[in-house]
2 protein chains.
Amino acid sequence: MGVVIPFEGNEDRSASLEPLIGLVEADMGKVNEAILARAHSHVELIPELAGHLINSGGKRIRPMLTVAAARLCGYRGELHVKLATSVEFMHTATLLHDDVVDESDLRRGKAAARKIWGNQASVLVGDYLLGQAFKMMVETGSLESLRILSNAAAVIAEGEVLQLAAAHDTKTTEDAYLQVIGAKTAALFAAASEVGAVIAGRPREEQAALESYGRNLGIAFQLVDDALDYSGKQALMGKSVGDDFREGKITLPVVLSYRRGAAEERNFWKRTLEDGDQTPDDLIYAQKLMDRHDAISDTVERARHYGDIARDALAIFPDGPYKHALLEAVDFCVARAY
Amino acid sequence: MGVVIPFEGNEDRSASLEPLIGLVEADMGKVNEAILARAHSHVELIPELAGHLINSGGKRIRPMLTVAAARLCGYRGELHVKLATSVEFMHTATLLHDDVVDESDLRRGKAAARKIWGNQASVLVGDYLLGQAFKMMVETGSLESLRILSNAAAVIAEGEVLQLAAAHDTKTTEDAYLQVIGAKTAALFAAASEVGAVIAGRPREEQAALESYGRNLGIAFQLVDDALDYSGKQALMGKSVGDDFREGKITLPVVLSYRRGAAEERNFWKRTLEDGDQTPDDLIYAQKLMDRHDAISDTVERARHYGDIARDALAIFPDGPYKHALLEAVDFCVARAY
């Protein structure tokens, strides 16, 4: 008979997204309807291209945050559906533009839209979705939500440019990397959560709490993604391993390995990621170096740290199903890595 | 001694933009300051790239429309400066994305930003400027202006996708072409003018009048641009002739020539514009065909028609320097073609 060994730390391997998904199910049904309705256009290429990405099975975590945050704040109206849809459109637009910027061939395991319809259409349909997102925000009449989400749009683009400038630079520091993902990923998680409190008309303290929850969850989420990209767990989930490596992306596991490594190891990282000169065995060796320097486990430790901050941010809210589900979502996010 | 020969029609060859430019000079000084301040970012590549385009001598007609429309409506505040700056940023973002979409090498006679900094940076800096534009709109607190401009953003992108789908199609009808420029060019002219009335708190009738003024001026402006691209007048102005032809763009002079031409002429347009198979003499021959079918002069006639509608739209406003300057701007726009 097996013995249950208590695992160090507070992660809960049985943590699940299911409670959150169950609570927001009805609202997300409306969000999905709005997504389809608002991606429509009499110019057929637009719903065709947008639908390709929208139907490719994204997890819709960001709009789920908006919906759940609004409900956590006791919101009983319907405007959160428009905000959540706006958030998903901002995210979709970013993905379309990212694929052009990264010259990606794949997105969510399917051919990237740009490979089917070309870079041009991807840029323009992204612009269209962004326009639709702002139109929906305006329909809510919430200037404060507009302020938060338009600011996020500028910050996200700024983060992408920053990453472009620092792309493939193995000398990137941990702080600089956190700045990039703070802008690229966490800014939209933060805004998506914060506008839930805004539309519910809650005081600034609760807005700030949800902003902090979203921001730190976003960082944890991205760091776990970074770790999974090099781990066998990812392979078990049917996802490909080493995408970041092949694309020469500098992520935290690389930053830690590079900084902790000897000169010859640094040369390896420079050759493979800066110069893009890779042989088939290089990924295995990269994983070996990461193992040697605890780069994956420490990346997950960092993620846990931000997850803890996200959890604490919700402390001011009274107990209830939404709070529990949002806390469990953090645990799930970190537990994915184990 | 020369004899002044009265020219048929109502165009005024001495019409000038100078009265308008003079009236808005102080306001446009503030707009220019705001443009520089808001294109700023701690990510250096952003102001560098944005500045390249912003300082390349665009005429800033669109923000001028916003400023002049607000003043025509008696506005005495400062928020029109933010709206005008937003309008110019929307335009700049569109240009950056357009260059990527069209794979252009030149913009306003200078190397296109994408040729210097790459497609990636052009896409992302465009996104950044769009985010900044929406932030500024939010700062005005005018939800109605946000509604109008976010709608324009979606319509512009939709028009670009439409054009992408119809690009190089010589069978494009005049109606279809007008639909494209109605979205690509006129939508922003219309929105830029309309928000001037909105920020001044004027009734719907004046908003609608300025919307109509801007829309029709935008169409006239684009049609005259189309005509000039094939005319010797353009060469006299130091601009290159035949850019649209070389890029295979379908513009109204082509639409008219194709529809009025014989079968062998249509084959010429198909070869040169649809198939992109051009010889050095083809531009001269294209101009000859346009001449044969009055395609340039009739394009200018069409422009005059829309210019007349723009003029009539302003009839409800009392006389005054702004009204006169805006009317003269229409005349100038059409007179450029002679």
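Look above for the structure.
Below is a summary of the structure that appears in this document. Predicted model only: the values in this text are computed from it and were never measured.

### Quick notes on helix H8 (residues 174–199) of chain A
For an α-helix, 3.6 residues make a turn, and residues three or four places apart therefore share a direction.
No. 1: Taking 1.5 Å of rise per residue, the 26 residues of H8 of chain A would be expected to cover 38 Å, and the 35 Å separating its terminal C-alpha atoms lies within 8% of that figure.
No. 2: Of all 26 residues in H8 of chain A, 22 are buried; the element is thus mostly enclosed.

### Observations concerning the environment of Leu-327 of chain B
Residue and element names in this part refer to chain B.
No. 1: Within the secondary structure layout, Leu-327 lies in helix H16 (residues 321–335).
No. 2: With relative accessibility at 13%, the residue Leu-327 sits in the buried group.
No. 3: Placed 127 residues apart in sequence, Leu-327 and Ala-200 show a C-alpha to C-alpha distance of 20 Å.
No. 4: Ignoring anything within four residues of it in the chain, the contact list for Leu-327 reads Arg-311 and Leu-314.

### Here's the deal with the relation of the copies chain B and chain A
No. 1: Each copy of the sequence occupies a distinct position, and chain B is placed on chain A by a rotation of 180 degrees and an axial shift of 0.0 Å, giving an RMSD of 0.0 Å. Taken together, the rotation angle and the small translation identify this as a two-fold axis.
No. 2: Mapped onto chain A, 100% of the interface residues of chain B again fall at the interface, so both copies present the same surface.

### A word on the interface of chain B and chain A
Interfaces are often sized by the accessible area lost when the parts come together.
No. 1: Each partner contributes residues to the interface: chain B has 37 residues there, and chain A has 37 residues.
No. 2: Interface area, chain B with chain A, both sides summed: about 3400 Å², of which 78% is carbon and sulfur.
No. 3: The largest contributions to the chain B side of the interface with chain A come from Leu-124, Glu-158 and Val-161 of chain B, which together make up 18% of the buried area.
No. 4: Run the count over chain B and chain A and you get zero salt bridges.
No. 5: At the level of elements, helix H3 (45–54), helix H5 (79–102), helix H6 (113–140) and helix H7 (143–166) of chain B are the ones that each hand at least two residues to the side of chain B that touches chain A.
No. 6: Taken together, the residues of the side of chain B that touches chain A sort by class into 21 nonpolar, ten polar and six charged.

### Here we look at the packing of aromatic side chains
Here a ring pair, both rings aromatic, is described through the centre-centre distance and the interplanar angle of the planes.
Residues and elements named next belong to chain A.
No. 1: This model, assessed by the stated rule, comprises 13 aromatic pairs over all chains.
No. 2: For the pair Phe-268 and Tyr-285, a centre-to-centre distance of 4.8 Å together with 80 degrees between the ring planes defines the contact as edge-to-face. Placement of the pair is Phe-268 in helix H13 (residues 263–274) and Tyr-285 in helix H14 (residues 282–292), with a sequence separation of 17 residues.
No. 3: Relative accessible area serves as the criterion here: at 6%, Phe-268 is assigned to the buried category.

### Quick word on the pattern of salt bridges
Residue and element names in this part refer to chain A.
No. 1: A full pass over the atoms with the stated rule returns 44 salt bridges over all chains.
No. 2: The salt bridge partner of Arg-202 is Glu-206, with a shortest N-O separation of 2.8 Å.
No. 3: Exposure remark for Arg-202: the relative accessible area of 34% places this residue in the partly exposed category.
No. 4: For Glu-206, a relative accessible area of 14% translates into the label buried.

Each value, and the rule that gives it
Residue indices follow the written sequence of each chain, beginning from 1 at its first position. Numbering of ligands from 1 and lettering of chains from A proceed in the order in which they are written. Totals for whole chains, interfaces and linings use every residue, but because this is a predicted model, local features are given only for residues with pLDDT of at least 70 and side-chain atom pairs only at 80 or more, for both listing and counting. With hydrogens and water stripped out, all remaining heavy atoms of the structure feed into the side-chain values. Numbering of helices and strands runs from the N terminus; a helix is a DSSP stretch of H or I covering at least four residues, while a strand is a stretch of E covering at least two. Given a helix with a known number of residues, its expected span is that number minus one, times 1.5 Å. Here the term buried applies to any residue with accessible area under 20% of the maximum for its type, exposed to any over 50%, and partly exposed to those in between, with areas from a 1.4 Å probe on protein chains only. Contacts are assigned to residue pairs with any non-hydrogen atoms lying within 4.5 Å of each other. Superposition of the copies used a least-squares fit over C-alpha atoms from residues whose pLDDT is at least 70 in both. A simple way to read buried area is as the amount of 1.4 Å-probe accessible surface that goes missing from two parts once joined, with both sides added. Salt bridges are counted wherever a side-chain nitrogen of Lys or Arg sits within 4 Å of a carboxyl oxygen of Asp or Glu. The residue classification treats Ala, Val, Leu, Ile, Met, Phe, Trp, Tyr, Cys and Pro as nonpolar and Asp, Glu, Lys and Arg as charged. All others, Gly included, are polar. Pairing of aromatic side chains here covers Phe, Tyr and the six-membered ring of Trp, requires ring centres within 6.5 Å, and sorts the geometry by plane angle: under 30 degrees stacked, over 60 edge-to-face, intermediate tilted.

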